[in-house]
Amino acid sequence: MEVLARPYDLWEGIYKIWLIITIIIYAVVAIPALYFMIRYRYKPGDREVGDQEHEGHWGLEALWTIIPLIIVLYLATHGFAVFTQMRKPPENALELKVTAFSWGWMFQYPNGKVVVASAIRDTEDKKCRPEECYGVDGVFQQYVYIPAGVPIKVLLTSQDVIHSFYVQPAGVTQDAVPGRTTYTWFQINKPGEYWVFCREYCGQWHSRMFAKLKVVPKEEFERWLRGELADSGHESGKGAVANINAEAQEVVR
Amino acid sequence: MREAVHVEKPWFSASIWEWIFTTDHKKIGIMYGVTSTLFFILAGLMALGMRLELFSPGAQYLKPETYNYFLTVHGTVILLWWAIGVWASFANFLIPLMIGARDVAFPRLNALGYWMFFAASVIALITLFPGNQIMTMWTGYPPLAAKEGVGFAGTTALFVFIWHLTGFASIAGAVNFITTVIRMRQPGIGFFNLNLFIHGVIAANVIQLLGVPSVAGAVTMLFLDTYLNTSFFDPTKGGDPLLYQNLFWFYSHPAVYVMVLPAFGIISEIVSAFARKPIFGYKSMVLAIWAIAVVGFTVWTHHMFVSGIPDWVKILMSYTTLLIAVPTGIKIFNWVATLYRAAIVYRTPMLYALGAILMFLIGGLTGIPLGLPAFDIAVHDSYFVVGHFHYVLGMAVTLSAFGGFFYWWPKVTGRMYSETLGKTSFWLVLIGSNLLYFPQLIIGLMGMPRRYYDYPAIPEWVTLHQIQTYGAFILAFGLFIAIVALIKGALTGEKAGPNPWNSNSLEWRIPSPPPPHNFDRPPKVEENYCPHKYRK
Ligand code: HEM
Ligand SMILES: [Cu+2]
Ligand SMILES: [Cu+2]
């Protein structure tokens, strides 16, 4: 069966391991604790003072040092292995340059095509309605086309402050730091619309700094990239974002 | 010149003048407590404002810059005034009593420390006036924090001064308490029969002494970058924003142990007193506290797992981060073992302490995956993190602080609080907190980023945000009842004896409230003295 997105499949593996271990540990601690709380209550005339001799037990204390030690070493080592896999973008990945700015994203495709997704802000006299605030209006927000089933390597930087690029279905987060280029990669297998959010606080409109990925079959993506689709995003939205575009492109170069 | 420790009257009959010029550790402790609690309430009210805003998607009542201001104050104040500052209150009042001393080693420095803290409080209040808001978040990352103005940082200078002044108070307190405990113990009280609360506080203070200079340097450079055009952190002029993060977290990760180690100490005091039994595994408790304090300095980059640092550093600090779970686990197991063959008396402080243990366990278990880069990559800066640290701070630390208030209230005021009100407050706080914090974990796993003023109208997200807001108000009501219980107790409660909980610790061997000089004669401790024992 094909997974929805990568490297989310790897993340799910480690998530499940953690969840199981966590539930077991919680039970191992909480069940005896609750039992003692009920069983060893103060009872006048019967149980007025606790056992003064019960001050420690070397064997037990060693046990609950060594077993947790083994568990965390296992988790860290397994996490190490998974992380190494997660960080390696596949060879055939499509390279996407992403420049973050306050407040939005500029995506640059290998053939030079540019898509901008900038925050839809409220103004003194107009607040957007909830569905508008996070909608794709073709002016401020354009769809970011992504081919289904193709790994995408993202090269990230920022034009001003630190932002963070989070692709929700793929479960990857990577900061966009001014003056540096960082990378991450993801792959989404099922066509549809998906969220990108900014995850590093970046000022006033941090919460509206999102982008919508439109994942489409590979052929359709290629037609879009060549500008053959009606909704090509190439011409539209020029007015509002032309400046940002120009500035952002400066930085990418 | 007046003697530094000159005290004539018990604390409750002091005049305003005496409060201002006092060097008495008990009065200073009470002043810290009152200041911390008032600022805790301020930060809590701002959080309620944020929760109302987040009740539905779209802009509701607040502007984004107001939300960001509330969040910055909520974070900064609740950490520096409450999770760190409240322990200065407990430490001041209790340490001299627990080691049989008449005051701390440097009473004047102690007073100076409090007044620095007070000055920081004034600055925090100045941010309430229009034009002075800070929107840096409590972390103040540049380049954002170096850009003044409404869209970005607000007034950076005030943020920097808050760190400087609270940092000064912390260092003054640390020097003082460490010296006091080393030099002023009664004969017969040594490293392995000190109160666990003192071990917690002193370990925390050692961290302060070593760590605060790092963050003070970081915010000083931030100040210079903002106002004098230096470029420590400005990449366009050759600086590096990640330098700030390293310096900041070198202190601010260990700082979470400054918040939680004294809380562990208080839990130990309360649990053994109400279990009427010595604490289980005292020695391993002490070693665990100190191990956490030391290893805590080697894990800071787990806050930077997605910032662009080299992968090998992430792996290294992933191991060290997870190692801290071991001594932490030891403490939890020892508390549970203390309940075995105990005679548990269920009074309000005990409920708070047991609640703190079971909730801290959730905080700890949700912290482990954050130490794994492979897991963290999906939840970094999400609500999962917000849920995790609220379980640790909002529950373990806050429940311990309130447990401590109820536990030592009879000692401090000489009067008992109302048990009914106390227990009611506990259950409200526990239920409200879980309704507030558990959905944060779930919505975080679904991807909701933190520090968001607004969010898309995804139906599950809306529901989870609404549950949080209901929980927040239940919690706030519970805390309100707790404060009413305490104040009412202090004013009209029954008179309390010197040792209402049958504890063997020294502070319970003097009258309640303690006389001006604590001990008329130096208290002699019995051979094999152990503070965590049952005493008739
Ligand atoms: C009335 C109870 C509380 C409520 C309703 C509340 C609510 C919140 C909310 C809504 C956020 C912002 C989440 C976001 O937008 O990312 C937050 C952040 C935070 N809270 Fe609380 N909280 C409460 C109590 C506490 C307590 C007791 C502590 C610590 C002792 C605490 C520590 C923090 C910290 C450190 C942050 C992060 C600030 C930041 O992101 O810069 N909170 N809280
Ligand atoms: Cu942002
Ligand atoms: Cu940390």
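Criteria and cut-off values
Residues numbered from 1 in each chain as written. Chains lettered and ligands numbered in written order. Predicted model: local features only at pLDDT ≥ 70, side-chain atom pairs only at ≥ 80, totals over all residues. Heavy atoms only, no water. Donors = N, O, S within 2.8 Å, 3.2 Å for Na, K, Ca; no water. Tetrahedral: all angles 85-135°; square planar, octahedral: opposite > 155°, others 65-115°. Pairing = 2+ DSSP bridges. Helix = DSSP H or I, 4+ residues; strand = E, 2+ residues; numbered from the N terminus. Axes fitted to C-alpha atoms, helices over the stretch in contact; angles between N-to-C directions. Contact = heavy atoms within 4.5 Å. Buried area = accessible area lost by both parts, 1.4 Å probe. Salt bridge = Lys/Arg side-chain N within 4 Å of Asp/Glu carboxyl O. Polar contact = N/O pair within 3.5 Å; in protein donor to acceptor, adjacent residues only side chain to side chain. Nonpolar A, V, L, I, M, F, W, Y, C, P; charged D, E, K, R; others polar. Near = heavy atom within 4 Å. Buried < 20%, exposed > 50% of the residue type's maximum accessible area, 1.4 Å probe, protein only. Phe/Tyr/Trp six-rings, centres within 6.5 Å; stacked < 30°, edge-to-face > 60°. Lys NZ or Arg CZ within 6 Å of the ring centre and 35° of its normal. Expected span 1.5 Å × (residues − 1). Parallel < 35°, antiparallel > 145°, perpendicular 65-115°, else oblique. Left-handed = near helix turned anticlockwise from the far one by under 90°. Domains from an automatic or database assignment.

Asker: I keep staring at the coordination of the copper ion (ligand 2) and nothing clicks. Help me out?
Answerer: Metal coordination angles in their ideal form are 109.5 degrees for the four-donor tetrahedron and 90 or 180 degrees for the six-donor octahedron. Coordination of the copper ion (ligand 2) by the protein involves Cys198(A) (SG), Glu200(A) (O), Cys202(A) (SG) and His206(A) (ND1), with metal-donor separations of 2.1 to 2.5 Å. Of note is the copper ion (ligand 2), whose 4 donor atoms meet at the metal with angles of 88 to 129 degrees in an arrangement that counts as tetrahedral.

Asker: Whenever I open this one, the sheet that holds strand 7 (residues 163–167) of chain A confuses me. Can you help?
Answerer: Strand pairing in a sheet relies on backbone hydrogen bonds. The paired strands run either parallel or antiparallel. All names here are of chain A. As summarised here, the arrangement of the 5 strands in space is 5-11-10-7-8, forming an open sheet in which the pairing is mixed. Each edge of the sheet is formed by a strand with only one pairing partner; in this case those strands are strand 5 (144–147) and strand 8 (172–176). Adjacent strand axes in the sheet meet at a mean angle of 30 degrees, parallel and antiparallel pairs treated alike. In terms of strand pairing, strand 7 meets strand 10 (residues 192–198) through 3 bridges, oriented antiparallel. Within strand 10, the position partnered with Phe-165 by the bridge is Cys-198. Docked against the sheet, helix 4 (residues 218–225) engages strand 5 and strand 11 (210–216), running at close to 140 degrees with respect to strand 5.

Asker: I'm lost on the interface of chain B and chain A in this one. Help?
Answerer: Buried accessible area, meaning the area lost when the parts come together, often serves as the stated size of an interface. In this complex, chain B contributes 95 residues to the contact, which on the side of chain A involves 83 residues. On the chain B side of the interface with chain A, the three residues burying the most area are Phe280(B), Phe333(B) and Ile377(B), jointly 8% of the side's total. Here chain B is connected to chain A by 5 salt bridges. Salt-bridge contacts for Arg87(A) lead to Asp311(B); the nearest nitrogen and oxygen are separated by 3.3 Å. Between the two partners, chain B and chain A, sit 35 residue pairs in polar contact (both at pLDDT 80 or more). When residues of the side of chain B that touches chain A are traced back to their parent elements, those giving at least two are helix 3 (64–99), helix 7 (241–275), helix 8 (282–295), helix 9 (311–323), helix 10 (325–339), helix 11 (348–367), helix 12 (373–379) and helix 14 (419–445) of chain B. Among the elements that take part in the side of chain B that touches chain A, helix 10 of chain B stands out by supplying 9 residues, more than any other. Across the side of chain B that touches chain A, the residue classes break down as 64 nonpolar, 17 polar and 14 charged.

Asker: Mind showing me how you'd approach the site of ligand 1 here?
Answerer: Residue and element names in this part refer to chain B. Close to ligand 1 lie 26 residues; Tyr-67, His-74, His-390, Arg-450 and Arg-451 are nearest. Between ligand 1 and the protein, one listed contact pairs an oxygen atom with a side-chain N or O atom of Tyr-67 at 2.7 Å. Here Tyr-383 contributes a side-chain N or O atom positioned 3.4 Å from an oxygen atom of ligand 1. Of all the secondary-structure elements, those providing two or more residues to the shell around ligand 1 are helix 2 (25–53), helix 3, helix 13 (383–413), helix 14 and helix 15 (459–492). Among the elements that make up the shell around ligand 1, the one with the highest residue count is helix 3 (7 residues). Residue composition of the shell around ligand 1, by class: 18 nonpolar, 5 polar and 3 charged.

Asker: Would you mind going over unusual backbone geometry with me for this structure?
Answerer: A negative phi angle characterises most non-glycine residues, just as the trans form characterises most peptide bonds. Residue Pro7(A) is bonded to the preceding Arg6(A) through a cis peptide linkage, with omega at 0 degrees. The phi angle at Met137(B) is positive, at roughly 65 degrees, despite the residue not being glycine. The class of Met137(B) is buried, set by a relative accessible area of 2%.

Asker: I tried to follow the packing of aromatic side chains on my own but got confused; where do I start?
Answerer: Pairs of aromatic rings are described using the distance from one ring centre to the other and the angle between the two planes. For the structure on display, the rule yields 78 aromatic pairs over all chains. Measuring from ring centre to ring centre gives 5.6 Å for Tyr352(B) and Phe406(B), while their planes differ by 25 degrees; the resulting arrangement is stacked. Of this pair, Tyr352(B) sits in helix 11 while Phe406(B) is found in helix 13, placing the two residues 54 residues apart along the sequence. Cation over ring: Arg87(A) sits above Tyr183(A), and NZ or CZ is 4.2 Å from the ring centre.

Asker: Looking at this structure, I do not really get helix 5 (residues 156–183) of chain B. What am I missing?
Answerer: One full turn of an α-helix is made of 3.6 residues, so residues set three or four places apart face in the same direction. Along its 28 residues, helix 5 of chain B runs 41 Å from first to last C-alpha, staying within 8% of the 40 Å computed at 1.5 Å per residue. In terms of burial, helix 5 of chain B is a largely internal element, 20 of the 28 residues being buried.

Asker: Please explain the packing of helix 2 of chain B against helix 15 of chain B as it appears in this structure.
Answerer: Packed helix pairs are characterised by how far apart their axes lie and by the angle those axes make with each other. Residues and elements named next belong to chain B. One way to put it is that helix 2 packs onto helix 15 with a least axis distance of 9 Å and a crossing angle of 155 degrees. Considered as vectors, helix 2 and helix 15 are oriented roughly antiparallel to each other. For the pair helix 2 and helix 15, the crossing hand works out as left-handed. Contacts between helix 2 and helix 15 pair Phe-40, Ile-41, Leu-48, Arg-51 and Leu-52 from the former with His-465, Gln-468, Thr-469, Ala-472, Phe-473, Ala-476, Leu-479 and Ile-483 from the latter. A breakdown of the residues in the contact of helix 2 with helix 15 according to their chemical character gives 9 nonpolar, 3 polar and 1 charged.

Asker: When you look at the sheet that holds strand 6 (residues 152–158) of chain A in this model, what are you seeing that I'm missing?
Answerer: All names here are of chain A. Taken in spatial order, the 6 strands make up an open sheet running 1-9-6-2-3-4, and their pairing is mixed. Sheet topology places strand 1 (5–6) and strand 4 (114–118) at the edges, where each strand pairs with a single neighbour. Direction of pairing for strand 3 (residues 104–108) relative to strand 4: antiparallel, over a ladder of 5 bridges. In the strand pairing of strand 4, Phe-107 is matched with Val-115.

Asker: Just to check I follow, could you spell out the environment of Trp163(B) for this structure?
Answerer: Residue and element names in this part refer to chain B. Mapped onto the fold, Trp-163 is located in helix 5. Residue classification places Trp-163 among the buried positions, given a relative accessible area of 5%. Other than its neighbours up to four places away in sequence, Trp-163 contacts Leu-80, Trp-138, Val-215, Val-219, Phe-248, Tyr-251 and Ser-252.

Asker: What's the story with the domain arrangement of chain A in this structure? I'm lost.
Answerer: All names here are of chain A. Assigned domains within chain A: domain 1 (5–87) and domain 2 (94–252). The gap between the C-alpha centroids of domain 1 and domain 2 is 42 Å. On the side of domain 2, 11 residues touch domain 1, which itself brings 6 residues to the contact. When domain 1 packs against domain 2, close to 840 Å² is buried across both sides, 47% of that on carbon and sulfur atoms. Ranking the residues of domain 1 by area buried against domain 2 places Ala-5, Arg-6 and Arg-87 at the top, with a combined share of 66%.

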